[in-house]
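# Structure assessment
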Amino acid sequence: MTPPPSRRRRGAAGSGAPARNLPRRGAVRRAQAITTYGVGSLVAVDQESFIVAGIDGAAEQWPLDEAPVIREPRLARVLGVRHFRLPPASGDDSRDGIRVRRFPLWHHCPECHALDHVRKFNSPPGRNECGECGEPLVPSRFVVACEDGHISDFPYWGWLHRGRRGESGFCGGRMSLTSSGRTASLRSVVISCSCGVPEVSMEGSFRAGALKELRIDCPGERPWLKGADKASCSRTPRTLQRGSSSVWQPVLRSALSIPPWSDTRVNALDKHWDKLRGCTSLVEMEIHLKHIFDGMPSPVSAQEALALVAAMEAEDHSGEDAPDRDQEQRYRALRDLEYQRLCAGNPEESGHHTEQFVCEPPIGDEKPLIDLGLVTPMLVKKLREVRALKAFTRVIDPETSSEGHEAELSLARTDWLPAMEVHGEGVFLRFDEERLDAWAELPAVADRVARMRIRHQRVLTERASDPARVPDSPATPRMALLHTFAHVMINEWSLESGYPAASLRERIYSGDEMAGVLIYTATSDSAGSLGGLVAQGEIDRLAQAVRSAVHRAEWCSADPLCIETEVSGTGGTNLAACHACVMLPETSCEHNNGLLDRALLVGTPEDPSIGFLSHLLTR
């Protein structure tokens with residue numbers, strides 16, 4: 001990434017420090033530009049802090065010639081764009097990389113303790129230093145943000161000059177920030193002003209209503225978007241640490257490439273679908289393909305092209321049947337298609353060498369799986385996943401927010417979104433739905449899940465931007481069981497497959513006609529498809545792994561507190577689940593470690609029948 005050139009200012013008298021060569025660069029991997037340092041996030045470069053700029057704007061636009069196009073038609077239609085783009089790389093062969101802007105703008109000098117806007121330090125040209133003592137300036141540790149995604153500098157003047165609302169303008173004094181160093185608490189961070197106002201510490205600034213009590217409103221600033229006007233915002237601003245994970249959380253949408261779009265030969269027809277969709281016969285399609293490829297051999301046959309057009313029409317037609325469906329409903333419909341294809345499979349011998357999705361059942365007797373409640377597993381020997389950055393949130397978890405809280409990546413609507421494509425392997429596990437339904441009807445099971453659902457629904461209601469459109473909680477006995485089962489299997493396979501738990505991911509398929517989980521590894525290079533995970537899906541190994549995982553889940557080092565807890569997790573959406581038993585790294589869980597209950601797998605000491613797989617245990 002490349003910070004914008006610093007303004008050239010008159011240096012301090014006698015300063016002989018040479019100007020730093022610009023532009024400055026900071027190394028960020030392409031995947032991090034989607035998941036960690038995406039648009040609107042804060043990133044530290046050396047001792048300075050910047051905010052990643054939006055994807056539009058003349059001076060700060062991504063260099064599109066360095067941002068390769070990524071194709072995934074189904075996900076693109078759901079998100080309302082034409083295609084996706086890989087973030088430009090940051091390296092010697094890159095012209096610009098991703099552009100950033102300086103933020104926060106308030107800094108302090110660790111030598112003279114001056115606290116002010118960065119422009120007022122009279123820094124030497126090309127250097128971020130105090131003009132008086134030559135010490136490097138330190139960006140503000142604190143920022144304020146609201147649930148609608150706005151972010152601003154912490155209002156130091158308003159926090160210090162509390163109770164003096166009748167004065168107009170600023171006091172004319174110079175503020176200072178000092179730290180006693182005696183403790184690590186906010187009480188040791190003290191702000192003072194030469195105007196004589198009593199000094200104030202930062203203690204209490206992180207309380208939810210601290211700024212509201214001082215009548216400090218959200219300024220509605222969007223510094224990552226160049227030229228963005230201040231938005232009218234009624235949200236209460238919250239004080240956050242600059243490096244806190246609450247400052248920026250991505251809203252990601254992903255999709256697996258499944259037939260017919262998983263064949264890379266299809267990409268050659270990308271710009272010609274408008275013409276091809278009008279073809280109704282094989283002869284007509286052949287004529288169009290000859291015209292498109294100017295007599296050269298077409299990568300796909302006319303028959304294959306007709307099948308692609310038919311698939312596209314069928315998927316578009318399903319959207320026309322329900323024109324009022326929101327984006328989340330269309331996204332869930334995309335999951336339905338994935339589930340159907342994972343169940344049906346796609347054998348390796350039936351595909352072309354350009355096929356990016358290979359899925360087939362293992363060879364062997366399935367009797368060992370009957371007692372486990374599993375039906376035929378599928379070995380996903382090759383898969384491709386596209387992860388797109390749709391938007392981002394601040395302060396609140398994107399899993400419990402609504403679209404009204406999502407901050408946009410650009411001022412003007414674009415026909416593309418940032419994304420990354422990853423390749424890997426996995427194992428698809430599916431439960432016997434009849435046994436699941438019988439288990440879910442047990443009163444004790446329904447009662448436990450109802451408690452989680454009520455708490456989760458309360459969180460969704462509190463954080464909904466539109467009270468009339470509160471999404472329904474997905475918490476059901478089936479979903480909670482599948483989610484918890486996926487976590488214990490990831491922990492088990494991380495010990496056997498050679499992949500750490502943080503490299504394995506889950507994909508939950510829960511619904512009226514779905515009861516499956518895909519556990520897979522996906523990386524941006526070939527390390528995600530070495531076969532270590534697929535080997536765990538063989539019948540004998542799978543049966544042994546499930547039994548071992550259930551036995552591990554029977555006991556937690558935090559028991560009996562863990563298994564007897566009545567509420568846990570963010571917003572109380574978990575029951576018997578903690579970091580010592582079933583919780584996973586954030587990179588592995590698609591529900592941010594929510595809606596988990598170990599008792600649904602192994603039961604409780606008082607009532608073992610709650611556990612779907614408790615019969616595997618000897619108590």
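In this text the structure is predicted, and so the values were computed from the model without any measurement.

Here we take up the overall build of the chain. Scanning the chain from N- to C-terminus turns up 15 helices and 20 strands. The 619 residues of the chain split such that 51% are buried. Of all intrachain contacts in the chain linking residues separated by at least 6 positions in sequence, the fraction that spans at least 24 positions is 70%.

Right, let's talk about the sheet that holds strand S12 (residues 189–193) for a bit. Spatially, S8-S6-S7-S11-S12-S13 is the arrangement adopted by the six strands of the open sheet, whose pairing is antiparallel. Sheet topology places strand S8 (138–139) and strand S13 (200–201) at the edges, where each strand pairs with a single neighbour. Looking at chain direction, strand S11 (residues 175–179) and S12 are connected through five bridges and run antiparallel. The residue bridging Ser179 from the neighbouring strand is Val189, located in S12.

Once that is clear, we can look at a negative patch on the surface. On the surface, a cluster of negative charge is contributed by Asp365, Glu366, Glu538 and Asp540. Here Asp365 shows up in the loop between strand S16 (358–360) and helix H9 (367–370). Owing to a relative accessible area of 47%, Asp365 belongs among the partly exposed residues under this scheme.

Moving on, we get to the packing of helix H12 (residues 477–496) against helix H13 (residues 539–554). For any two helices packed against each other, the geometry is given by the interaxial angle and the distance between the axes. Between H12 and H13, the least distance of the axes is 9 Å, while the angle of their chain directions is 110 degrees. Looking at the two axes, H12 sits roughly perpendicular to H13. As for the relative orientation of H12 and H13, their crossing is right-handed in sense. Together, Phe485, Val488, Met489, Glu492, Trp493 and Leu495 of H12 and Leu542, Ala545, Val546, Ser548, Ala549, Arg552 and Ala553 of H13 make up the contact between the two elements.

Here we come to the pattern of salt bridges. Throughout the structure, instances matching the rule amount to 24 salt bridges. Between Glu566 and Arg451 there is a salt bridge whose closest N-O contact spans 2.5 Å. Of this pair, Glu566 sits in the loop between helix H14 (561–564) and helix H15 (599–602) while Arg451 sits in helix H11 (residues 443–462), and the two are 115 residues apart along the sequence. With a closest N to O distance of 2.7 Å, Arg552 and Glu492 form a salt bridge.

This brings us to the sheet that holds strand S5 (residues 100–102). Taken in spatial order, the three strands of this open sheet run S1-S2-S5, and their pairing is antiparallel. Looking along the sheet, the strands with just one partner apiece sit at the ends: strand S1 (42–45) and S5. Taking the axes of each pair of neighbouring strands and ignoring which way they run, one obtains an average angle of 40 degrees across the sheet. Alignment of S1 against strand S2 (residues 48–52), held across four bridges, turns out to be antiparallel. Counterpart to Ala44 in the pairing with S2 is Ser49.

As a rule of thumb, non-glycine residues mostly have phi less than zero, and peptide bonds are mostly trans rather than cis. Backbone torsion omega between Phe103 and Pro104 reads 0 degrees, so that peptide bond is classified as cis. Residue position: Pro104 is located in the loop between S5 and strand S6 (106–108). Residue Pro260 is reached from Pro259 by a cis peptide bond, and omega for that bond is 5 degrees. Here Pro260 is to be found in the loop between strand S15 (249–256) and helix H5 (273–276). Here the phi dihedral of Arg215 falls at roughly 60 degrees; this positive angle occurs in a residue that is not glycine. Within the element layout of this structure, Arg215 appears in the loop between helix H4 (210–213) and strand S14 (238–241). Look at Arg215 and you get exposed, because its relative accessible area is 56%. Even without glycine at this site, Asn592 takes up a positive phi of about 50 degrees. Counting through the fold element by element, Asn592 comes out in the loop between H14 and H15.

Because the α-helix completes a turn every 3.6 residues, residues three or four places apart line up on one side. Here helix H8 (residues 327–344) contains 18 residues, and its C-alpha end-to-end distance of 26 Å stays within 8% of the 26 Å for a straight helix at 1.5 Å per residue. Those residues of H8 not exposed but buried are Gln327, Tyr331, Leu334, Arg335, Glu338, Tyr339 and Leu342. End-on view of H8: buried residues confined to an arc of 145 degrees, all on one side of the axis. Just beyond H8, the residue with positive phi is Gly345, at close to 85 degrees.

Relative accessible area serves as the criterion here: at 29%, Pro260 is assigned to the partly exposed category. Residues Pro260 and Ala305, spaced 45 residues apart in sequence, show a C-alpha to C-alpha distance of 9.9 Å. The residues touching Pro260, leaving out its near neighbours within four places in the chain, are Arg74, Val266, Leu308 and Ala311.

Now for the packing of helix H10 (residues 433–440) against H12. In contact at an axis separation of 10 Å, H10 and H12 are set at 115 degrees when each is read in the N-to-C sense. Taken together, the axes of H10 and H12 are roughly perpendicular relative to one another. Once H10 is placed against H12, the crossing between them reads as right-handed. On the side of H10, the interface is formed by Glu433, Leu436, Asp437, Trp439 and Ala440, while H12 contributes Pro477, Arg478 and Leu481.

Averaged over all residues, the pLDDT of the chain equals 84, while 88% of them reach at least 70. Per-residue pLDDT stays below 50 along residues 4–23; that stretch engages in 30 contacts with residues further than four places along the chain or on separate chains. This stretch, residues 317–324, has a pLDDT under 50; its non-local contacts, to residues over four places away or in other chains, come to three contacts.

A separate point is the pairing of S2. In terms of burial, S2 is a largely internal element, five of the five residues being buried. Side chains of S2 alternate between two faces, with Glu48, Phe50 and Val52 and Ser49 and Ile51 buried alike. Bridging between S2 and S5 involves three bridges; their strand directions are antiparallel. Following the sheet pairing, Phe50 is matched in S5 by Arg102.

On to the side chain of Thr354, then. Take Thr354: it is sitting in the loop between H8 and S16. Look at Thr354 and you get buried, because its relative accessible area is 16%. In this structure, Thr354 is in contact with Ser262, Asp263, Thr264 and Arg265, ignoring residues within four places of it in sequence.

Counting residues in hydrophobic clusters, the biggest one holds 61 residues, and the most contacted among them are Phe84 and Ile151. The biggest single contributor to this core is strand S17 (residues 378–393), with seven residues. With sequence-adjacent residues up to four places away left out, Phe84 is seen in contact with Pro68, Val69, Ile70, Glu72, Leu75, Ala76, Leu79, Val386, Ala388, Leu417 and Ala419. In this structure, Ala577, Cys581, Leu600 and Leu616 belong to the second largest nonpolar core, which totals 54 residues.

This part takes up the packing of aromatic side chains. For the structure on display, the rule yields 13 aromatic pairs. One aromatic cluster in this structure is built from Trp106, Phe142, Phe154, Tyr156, Trp159 and Phe206. The ring of Phe121 carries Arg174 above its face, with NZ or CZ at 5.7 Å from the centroid.

What counts and what doesn't
- Residues numbered from 1 in each chain as written.
- Predicted model: local features only at pLDDT ≥ 70, side-chain atom pairs only at ≥ 80, totals over all residues.
- Heavy atoms only, no water.
- Helix = DSSP H or I, 4+ residues; strand = E, 2+ residues; numbered from the N terminus.
- Buried < 20%, exposed > 50% of the residue type's maximum accessible area, 1.4 Å probe, protein only.
- Contact = heavy atoms within 4.5 Å.
- Pairing = 2+ DSSP bridges.
- Patch = residues over 30% accessible without salt bridge, like charges linked within 9 Å, V, L, I, M, F, W, Y side chains within 5 Å.
- Areas by Shrake-Rupley, 256 points an atom, 1.4 Å probe, with all protein chains shown as cover.
- Salt bridge = Lys/Arg side-chain N within 4 Å of Asp/Glu carboxyl O.
- Lys, Arg positive; Asp, Glu negative; His and termini not counted.
- Charge placed at Lys NZ, Arg CZ, Asp CG, Glu CD.
- Axes fitted to C-alpha atoms, helices over the stretch in contact; angles between N-to-C directions.
- Parallel < 35°, antiparallel > 145°, perpendicular 65-115°, else oblique.
- Left-handed = near helix turned anticlockwise from the far one by under 90°.
- Expected span 1.5 Å × (residues − 1).
- Arc of directions from axis to C-beta.
- pLDDT = per-residue confidence, 0-100.
- Core = buried A, V, L, I, M, F, W, Y, C linked by side-chain atoms within 4.5 Å.
- Phe/Tyr/Trp six-rings, centres within 6.5 Å; stacked < 30°, edge-to-face > 60°.
- Lys NZ or Arg CZ within 6 Å of the ring centre and 35° of its normal.

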